[in-house]
Amino acid sequence: LGGIGGGGGGGGGGGGAVKMDWICALHGCSTVNFAWRNTCFTCKEARADDAQLVPQRMDVVSPNRNLVVSGLAPHVGEAHLLHLVRTVCPAVREVRMPMDRTKGGNKGFAFVDMHSVEDAARVKEALDGAPIIMEGSSAQLRVSYSREGQLLGHQSSHNNDQGGAFG
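Here the residue index of a chain counts from 1 through its sequence in written order. Local features in a predicted model are, by the rule used here, given only for residues with pLDDT of at least 70; side-chain atom pairs are given and counted only at 80 or more, and totals for whole chains, interfaces and linings are based on all residues. Side-chain numbers here rest on the full set of heavy atoms in the structure, without hydrogens or water.

Peer 1: Would you mind showing me how to read the confidence of the model for the protein chain here?
Peer 2: Atomic detail in the predicted coordinates should be set aside for any region of low pLDDT. Across the protein chain, pLDDT averages 76, with 69% of residues at or above 70. Of the regions scoring below 50 in pLDDT, residues 8–15 engages in two contacts with residues more than four places distant in sequence or in other chains. pLDDT is defined as a per-residue confidence score from the predictor, taking values between 0 and 100. Pairs of residues are marked as contacts when any of their non-hydrogen atoms sit within 4.5 Å. In this model, residues 151–167 is a region of pLDDT below 50 whose contacts with residues beyond four sequence positions or in other chains number 34 contacts.

Peer 1: Any chance you could explain the nonpolar core here in plain terms?
Peer 2: Generally speaking, nonpolar side chains in soluble globular proteins are found buried as a group. Buried Ala, Val, Leu, Ile, Met, Phe, Trp, Tyr and Cys residues that are joined via side-chain atoms within 4.5 Å together make up what is termed a nonpolar core. Throughout, exposure labels follow a simple rule: accessible area from a 1.4 Å probe, protein chains only, divided by the maximum for the residue type, with under 20% read as buried, over 50% as exposed, and the rest as partly exposed. Ranked by internal contacts, the top residues of the largest apolar core, which has 22 residues, are Leu67, Leu81, Val85, Val112 and Met114. Elements are defined by DSSP. Helices are runs of H or I of four residues or more, strands are runs of E of two residues or more, and each kind is numbered from the N terminus. Listing elements by their share of this core, those giving two or more residues are strand S4 (66–70), helix H1 (78–88), strand S5 (92–96), strand S6 (109–114), helix H2 (117–127) and strand S9 (142–145). Once residues lying within four places of it in the same chain are set aside, the contact partners of Val85 are Val92, Val112, Met114, Val123 and Leu127.

Peer 1: Looking at this structure, I do not really get H2. What am I missing?
Peer 2: Residues spaced three or four apart along an α-helix point in a common direction, a consequence of the helix completing one turn every 3.6 residues. Within H2, burial applies to Asp119, Ala120, Val123 and Leu127. Viewed along the axis of H2, the buried residues span an arc of 100 degrees, placing them on a single side of the element. In H2, the exposed residues that point more than 90 degrees away from the buried face are Glu118 and Glu125. On its buried side, H2 packs onto S4, H1, S6 and S9. Immediately beyond the C-terminal end of H2, within one or two residues, lies Gly129, with a positive phi of roughly 85 degrees. The directions considered for the arc are those from the helix axis to the C-beta atoms.

Peer 1: Before we go on, may I ask you to explain the side chain of Asn106 in this structure?
Peer 2: Within the secondary structure, Asn106 is located in the loop between S5 and S6. In the analysis that follows, any N or O atom pair within 3.5 Å is treated as a polar contact, provided that within protein one partner can donate a hydrogen and the other can accept it, and provided that, for residues neighboring in sequence, both atoms belong to side chains. Of note is the side chain of Asn106, whose polar atom sits 2.8 Å from the backbone oxygen of Ala73. In this structure the side chain of Asn106 is engaged in a polar contact, spanning 2.5 Å, whose partner is the backbone nitrogen of Gly108. Once residues lying within four places of it in the same chain are set aside, the contact partners of Asn106 are Leu72, Ala73, Pro74, His75, Val76, Met97, Pro98, Met99 and Asp100.

Peer 1: What's the story with H1 in this structure? I'm lost.
Peer 2: Among the residues of H1, Glu78, Leu81, Leu82, Leu84 and Val85 are the ones counted as buried. Buried positions in H1, seen along its axis, are confined to an arc of 165 degrees and lie on one side of it. In H1, the exposed positions angled more than 90 degrees off the buried face are occupied by His83 and Thr87. Close packing links the buried residues of H1 with S4, S5, S6 and H2.

Peer 1: What exactly am I supposed to notice about the sheet that holds strand S2 (residues 32–33) here?
Peer 2: Sheets are built from strands paired through backbone hydrogen bonds, the pairs being either parallel or antiparallel. When DSSP finds at least two bridges between two strands, those strands are taken to pair. What the three strands build is an open sheet, ordered S2-S1-S3; its pairing is antiparallel. Strands with a single pairing partner mark the edges of an open sheet, and in this sheet they are S2 and strand S3 (52–55). Across four bridges, the pairing between strand S1 (residues 20–23) and S3 is antiparallel. Across the sheet, residue Asp21 finds its bridge partner in S3, namely Val54.

Peer 1: So what exactly am I meant to see when it comes to the sheet that holds S4 here?
Peer 2: Overall, antiparallel pairing links the four strands, which are arranged S5-S6-S4-S9 in an open sheet. Only two strands of the sheet have a single neighbouring strand rather than two, namely S5 and S9. Averaged over neighbouring strand pairs, the angle between their axes works out to 25 degrees when direction is ignored. Taken together, the four bridges between S4 and S9 define a ladder with antiparallel strand orientation. Among the inter-strand pairings, Val69 is bridged to a residue of S9, identified as Val143. To define axes, lines are fitted to C-alpha atoms, for helices over the stretch in contact only, and angles between the resulting N-to-C directions are given on a 0 to 180 degree scale. In the packing of H1 onto the sheet, the strands contacted are S4, S5 and S6, and the crossing angle to S5 comes to about 145 degrees. Contacts between H2 and the sheet are confined to S4, S6 and S9, with S9 contributing the most and set at about 155 degrees to the helix.

Structure, rendered in structure tokens:
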């Protein structure tokens, strides 16, 4: 796992009134969607008028197929992370790594979209807390399930559904 680790990390939070998220019942999907969504995040079906409502839980993220990988060194690219994740599970749909345009390199974290919740769980179990050796120092890779909203606004540069090459 050498060469991946780095420092940094971030967090966010917020408060406010509790809104009601909704559960998609179409096609047996059962995805919990944010209250503001009109279509299911997973199956893209429209929200049913009678969708089951559940309280928003910003402190708890249910297992899903999207992961946040943090603790990345700035020089690590999407191809390097993709290779690491594929050593655990080859079923990677996409890797998205926000870049720091002022400093160059990545921002210390990336999003990994797997083909299934089971694949994501396997990657999380294998890589979360993994010791990373980088230029004589060690760090820990942190892998967690992504909140739906974290995936928005990050433009993808590599989509692996068509088996695209990395350069």
